[in-house]
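Examining the three-dimensional arrangement
What follows is each chain in one-letter form.
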Amino acid sequence: MGMSAEEERAASPRDEEWPEAEKAEKLARGAALKWASGVFYCPEKLEGLGQYRSRETQRNSSIQSRLKSTVQSYLEGVSTGLEQLRSASREVQSMCEDLGAARWALLDTADRFQGLQQMRALMAEHVQLASVVQVLPQLFSVHEVFAHTLQLLRGQQLLEAHAELMMMEHLRDDILSQLHLRGLSSAEATVLSYFGGLQELNESLAKQLWDIVGSSLRLVREDPVLFVTAVRIIEREEKIDDTLLLEATFLPPGRPKGWRQKFYHVLHETIVGTHFQAACTDAEGPGLARHLAALQKAIVAELHVVKDLMVQCVPAHYNILSVCTATYHQALTSHLQDILREDLDKQALFLLLEWALRVYHSPEMMGHPDLLPEVDVSALGPLMSPELVDQTERKYVVKVKASVLEWMQRTLEVEFKEWFREEEPETDHQGFFQSALPVIVMQMLNENIQVASLIADSLQQKVYNMALEELEAFLGRLREALVQCGKEHQKDRTTPKYYVSYLLAMLNNNLALSSAVSSLHPDAGRREVPMSLRAALDRTQKKACQLLLEELLLDLQPLCLQLPSHKWLCGSQVVSSMCEVIDKYAKAFSRVRKPVCTLLLTESELLVASQYLRALMQKKMVCKSEEERGQFCDRLLQDATQLQELFCGLGLDQSQQSLEAVFALRELIYLKDPAFLSLEVLGFITKYPDVSDEHISTLLDLRGDVSKDVRHVVLEMMAQHPQVLPESYRPIFSTILVPTQELPFCLRKGKCA
């Protein structure tokens, strides 16, 4: 159902005044309609309509009664509050009336206060005059007290003198404070002038105190009373400073004195001046050792005095032992830095490193049993910073390197002179040639590494690395010396007289160095030899072997020039002579330790084989008949067998010999049917892949029965079967040069002759 216009007008003001109530009523109506529609949706539910109506009527009555009760209680509270507000308003009104009356009463008595102000000023003036009258006797006796205090200071009666001095200062400061509070700063200059003698007394007392503090280490042993007196005076002044600083209203001139801080400063300057300010005139070698030993002895002795005596003479909060320990530590740090700025030799650098890293913390110095546990320098940091230690170690290594270089150079010069002696080199108990070179070099390097190990592992590692570098450089200079000796020998093969023997001795020396170098490593578990040093040792060995083989070659070349020839073909003893030369050198090679001895035999065999093949390739002879070719092959077989048996007898296994190439070459020449040469050559180049077309062509020429067609087939076959050298293959033909074929002289526009 709708509402009438009057009802809407009547409801509108309320709605405007209470919009929440309208919203709540609408929600309630909506909820009720929803509930009713849900309940009475079915016709059978309508039978319970009366029951629902009576129940809701009772609930509404209960709610209305509770609302009325609540509203009634609120209304009673509001009524009580309004009554209290009316009572408070009446009391405030009464108080305002009383305050107004008091104000008028105060205005009536203001004129009477003017007389009291004048009385107050007179009273203050009276108090000031009374104070002045009280201090007048003291003011008149100021200069007399000054004189007496000066006498006490001269008689070293410091406590009495300081008491009178404090009294005068207190009098002066009290007067200055009063002037400051009353704004009479203009009169302060007069007071300061009158008490001007205080400054002189203060300076005199301070001078005596600092002299006592400067001699404290001696006084605590001889006359501790004087030192204790000085400390008591310093503590008095510290208390006065603290009191004035806490008040913070007026600070007299000369305050705070800070004598306790000055005490520490004088003590620091005394320690530094006594031991560390004087320049170390002899900062190298033994002089520096004496200087450091004196410092060690003095510091330990003085710390004993501080710990046992001085600690008992000063208050505990001075921490005098810690202060002195820190002072010595810092002064030593600066002192060592000053010394390190000089150009020190290796002995001085070693002493400094040893002293700073070992001696300083040892039981002989700061770790002395009598100083522990009170003296602890571990919290003060290292005496030398890690950066300074590293820098000093590098300087030391540079100095050691220069010394090692000089000694190695001298050793090499002596060794070089010994090569030209008129007697053979020394031999060991097994008869192997040797010299003192490896022993001297390794002993020198090992001693430097062991000395460095006394300081620190880092220094030992640096010296070890330097030793390997210098050994590598030394091996380079040794190779140069070997080359120089070889050049001298080429000029005159009679000098050095025992050229081969000393080369063999150098090979044994190189083996000794190679086996001993691993023992230099500081870590026994990591004794590998660096690749660069191993390569240097290998190069030195190769150079000595090369010079020996060149010497062997010089003796073999005159004999090889006789190969091949008709005289050789008819039974010359050339190869027998070669065997004698080889046997002589093999006996010499036996004075070298294995595996170098085996290496020399192997290289000698390769040299003999290549020289023999080179002689065959020189195109000195061409077989003119099958009979001569057979004789040529028989001679090859005889020579190769003789040489092979010689090297087998010398201990070289047949499988390791290159003379097999001579046998293979003989088979190539001995082949009776040239038509099968291509197959024979294929087998030959398969076995010896470094053989070239020129080599095969020369061998075919040596046969004397190969036609151009057969030659062409053989060379064509070689072109179709290019060979690749295996990694383990030892080249033999690639070192043999074939002489170029001489072209016949030709006329222009004519046929070749």
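Keep in mind that this is a model prediction, so the values were computed, not measured.

1. Points about the overall build of the protein
- If you tally the helices and strands in the protein, you get 26 helices and 2 strands.
- Looking at the 753 residues of the protein, the share that counts as buried comes to 39%.
- Across the protein, the fraction of contacts at a sequence separation of at least 24, relative to all contacts at a separation of at least 6, is 75%.
- Total accessible area computed for the protein in this model is approximately 44000 Å², and 56% of it derives from carbon and sulfur atoms.

2. Quick look at the nonpolar core
- Counting 192 residues, the largest nonpolar core has Phe227, Phe263, Phe632, Ile696 and Phe733 as the members making the most contacts within it.
- Contact partners of Phe733, with chain neighbours within four places excluded, come to Leu613, Met617, Ala661, Phe684, Tyr688, Asp690, Val691 and His695.

3. Overview of unusual backbone geometry
- Looking along the chain, the bond that leaves Leu563 and enters Pro564 is cis, with omega of -25°.
- A cis amide bond, omega 5°, links Lys594 with the succeeding residue Pro595.
- For Asn319, which is not glycine, the phi dihedral falls at a positive 50°.
- Take Asn319: it is sitting in the loop between α11 (285-308) and α12 (320-340).

4. A short note on the confidence of the model for the protein
- Residues with a pLDDT of 70 or more make up 87% of the protein, whose mean pLDDT is 83.
- Looking over the protein, one finds the lowest element-wise mean pLDDT in helix α1 (residues 5-17), namely 47, and the highest in helix α14 (residues 386-418), namely 93.
- Scored below 50 in pLDDT, residues 1-15 makes 3 contacts in the model with residues more than four places away or belonging to other chains.
- Of the regions scoring below 50 in pLDDT, residues 743-753 engages in 2 contacts with residues more than four places distant in sequence or in other chains.

5. Details of the packing of aromatic side chains
- Applying the stated criterion across every chain, the model contains 14 aromatic pairs.
- If you follow Arg103 out to its NZ or CZ, it ends over the ring of Trp104, 5.7 Å from the centre.
- Above the face of the Phe433 ring, Arg591 is positioned so that its terminal group lies 4.1 Å from the ring centre.

6. Notes on the environment of Pro731
- Locating Pro731 in the fold gives a position in the segment after α26 (708-720).
- Linking Pro731 and Tyr688, residues 43 residues apart in sequence, is a C-alpha distance of 8.0 Å.
- Once residues lying within four places of it in the same chain are set aside, the contact partners of Pro731 are Leu606 and Asp690.

7. Considerations on the pattern of salt bridges
- Scanning all chains against the criterion turns up 27 salt bridges.
- Between Arg394 and Asp390 there is a salt bridge, with its nearest N and O atoms 2.9 Å apart. Here Arg394 pairs with Asp390, and both are found in helix α14, just 4 residues apart, close to one helical turn.
- The class for Asp390 is partly exposed, based on a relative accessible area of 27%.
- A single salt-bridge network, built from bridges that share partners, covers Asp390, Glu393, Arg394 and Lys462.

8. Observations concerning the packing of helix α24 (residues 677-687) against helix α25 (residues 693-703)
- Relative to each other, α24 and α25 sit at 135°, their axes nearing to 12 Å. Regarding the angle of α24 to α25, the classification is oblique. Note on packing geometry: the crossing formed by α24 with α25 is right-handed. Only Ile696, Leu700 and Arg703 of α25 make contact with α24, whose side of the interface consists of Leu677, Val681, Phe684 and Ile685.

9. Focus: the packing of helix α23 (residues 660-670) against α24
- Taken N-terminus to C-terminus, the directions of α23 and α24 make an angle of 170°; their axes are 10 Å apart at the nearest point. Taken as axis vectors, α23 and α24 run roughly antiparallel relative to one another. Each of Ala661, Ala664, Leu665, Glu667 and Leu668 in α23 lies in contact with α24, whose residues at this interface are Leu677, Glu680, Val681 and Phe684.
- The residue inventory of the contact of α23 with α24, partitioned by class, reads 7 nonpolar, no polar and 2 charged.

10. Considerations on the side chain of Glu605
- Here Glu605 shows up in helix α21 (residues 596-616).
- For the buried Glu605, which has no salt bridge, the nearest side chain bearing the opposite charge is Arg730, at an N-O separation of 4.8 Å.
- Apart from residues no more than four positions distant in its own chain, Glu605 is found in contact with Phe647, Leu652, Gln656, Gln657, Ser658 and Leu659.

11. Focus: α24
- The complete set of buried residues in α24 reads Leu677, Ser678, Val681, Phe684 and Ile685. An end-on view of α24 places all buried positions within 120° of arc, on one side of the element.
- Taken together, the buried residues of α24 touch α23, α25 and α26.

12. Comments concerning a nonpolar patch on the surface
- Together, Val78, Leu82 and Leu85 make up a nonpolar patch on the protein surface, roughly 290 Å² of accessible area in all.
- Position of Val78 among the secondary structure elements: in helix α3 (residues 49-140).

13. A few points about the side chain of Asp690
- Considering the arrangement of structural elements, one finds Asp690 in the loop between α24 and α25.
- Buried charge Asp690 goes without a salt bridge, the closest partner of opposite sign being Arg614 at 10 Å.
- At 2.9 Å, the side chain of Asp690 forms a polar contact with the backbone nitrogen of Ser734.
- When near neighbours in sequence (up to four residues on either side) are disregarded, Asp690 contacts His695, Leu725, Tyr729, Pro731, Ile732, Phe733 and Ser734.

14. What to know about helix α20 (residues 574-589)
- For α20, spanning 16 residues, the distance from its first C-alpha to its last is 22 Å, which sits close to the expected 22 Å at 1.5 Å a residue.
- Listed in full, the buried residues belonging to α20 are Val574, Val575, Met578, Cys579, Val581, Ile582, Tyr585, Ala586 and Phe589. On an axial view of α20, the arc spanned by its buried residues comes to 165°, and they lie on one face. In this structure, α20 carries Glu580 and Lys587 as exposed residues pointing more than 90 degrees from its buried face.
- Where the residues of α20 are buried, they touch α17 (499-516), α18 (531-560), α19 (566-569), α21 and α22 (626-649).

15. A short note on the state of the cysteines
- Taken as a whole and assessed by the stated rule, the structure comprises 0 disulfides.
- Free cysteine Cys623: the closest other cysteine sulfur is in Cys633, separated by 6.8 Å.
- Classification of Cys623 as buried rests on a relative accessible area of 2%.

Parameters and conventions
- Every chain is numbered on its own, with residues counted from 1 as its sequence reads.
- The predicted nature of this model means local features are confined to residues of pLDDT at least 70 and side-chain atom pairs, given and counted, to a pLDDT of 80 or more, with totals for whole chains, interfaces and linings taken over all residues.
- In computing side-chain properties, one takes all heavy atoms of the structure into account and sets aside hydrogens as well as water.
- Runs of H or I in DSSP of at least four residues are treated as helices and runs of E of at least two as strands, each being numbered from the N terminus.
- For the exposure calls, accessible area comes from a 1.4 Å probe over protein chains only, and a residue counts as buried if that area is under 20% of its type's maximum, exposed if over 50%, partly exposed in between.
- By the convention used here, residues are in contact when the closest approach between their heavy atoms is within 4.5 Å.
- With residues, only the protein chains shown are counted as cover, and all accessible areas are computed by Shrake-Rupley using a 1.4 Å probe.
- Side-chain atoms within 4.5 Å are what join buried Ala, Val, Leu, Ile, Met, Phe, Trp, Tyr and Cys residues into a set we call a nonpolar core.
- Each residue carries a pLDDT value, the predictor's own confidence for that position, ranging from 0 to 100.
- Within 6.5 Å between ring centres, the rings of Phe, Tyr and Trp (the latter by its six-membered ring) count as paired, and their orientation is classed by plane angle as stacked under 30 degrees, edge-to-face over 60, tilted in between.
- We count a charge as sitting over a ring when the NZ of a lysine or the CZ of an arginine lies within 6 Å of the ring centre and within 35 degrees of the ring normal.
- A pair is scored as a salt bridge if a Lys or Arg side-chain nitrogen falls within 4 Å of a carboxyl oxygen belonging to Asp or Glu.
- As a rule, the C-alpha atoms of each element are fitted with a line to give its axis, helices using only the stretch in contact, and angles between N-to-C directions run from 0 to 180 degrees.
- Should an angle fall under 35 degrees it is taken as roughly parallel, and over 145 as roughly antiparallel, whereas 65 to 115 is taken as roughly perpendicular and any remaining angle as oblique.
- Should the near helix be turned counterclockwise from the far one by less than a right angle, the crossing is left-handed, whereas a clockwise turn marks it as right-handed.
- Here the nonpolar group is Ala, Val, Leu, Ile, Met, Phe, Trp, Tyr, Cys and Pro; Asp, Glu, Lys and Arg are the charged ones; every other residue, Gly included, is treated as polar.
- Charge counting treats Lys and Arg as positive and Asp and Glu as negative, with His and both chain ends excluded.
- Directions drawn from the helix axis to the C-beta atoms are what define this arc.
- Only residues whose relative accessible area exceeds 30% and that form no salt bridge are eligible for patches; like-charged ones are grouped when within 9 Å, while nonpolar side chains (Val, Leu, Ile, Met, Phe, Trp, Tyr) are grouped when within 5 Å.
- Whenever a nitrogen or oxygen atom comes within 3.5 Å of another N or O atom, the pair is scored as a polar contact, on the condition that within protein one atom can donate a hydrogen and the other can accept it, and that pairs from neighbouring residues in sequence are kept only if both atoms are in side chains.
- Helix span, as expected, comes to 1.5 Å for every residue beyond the first.
- The disulfide criterion used throughout: a pair of cysteine sulfur atoms within 2.5 Å.

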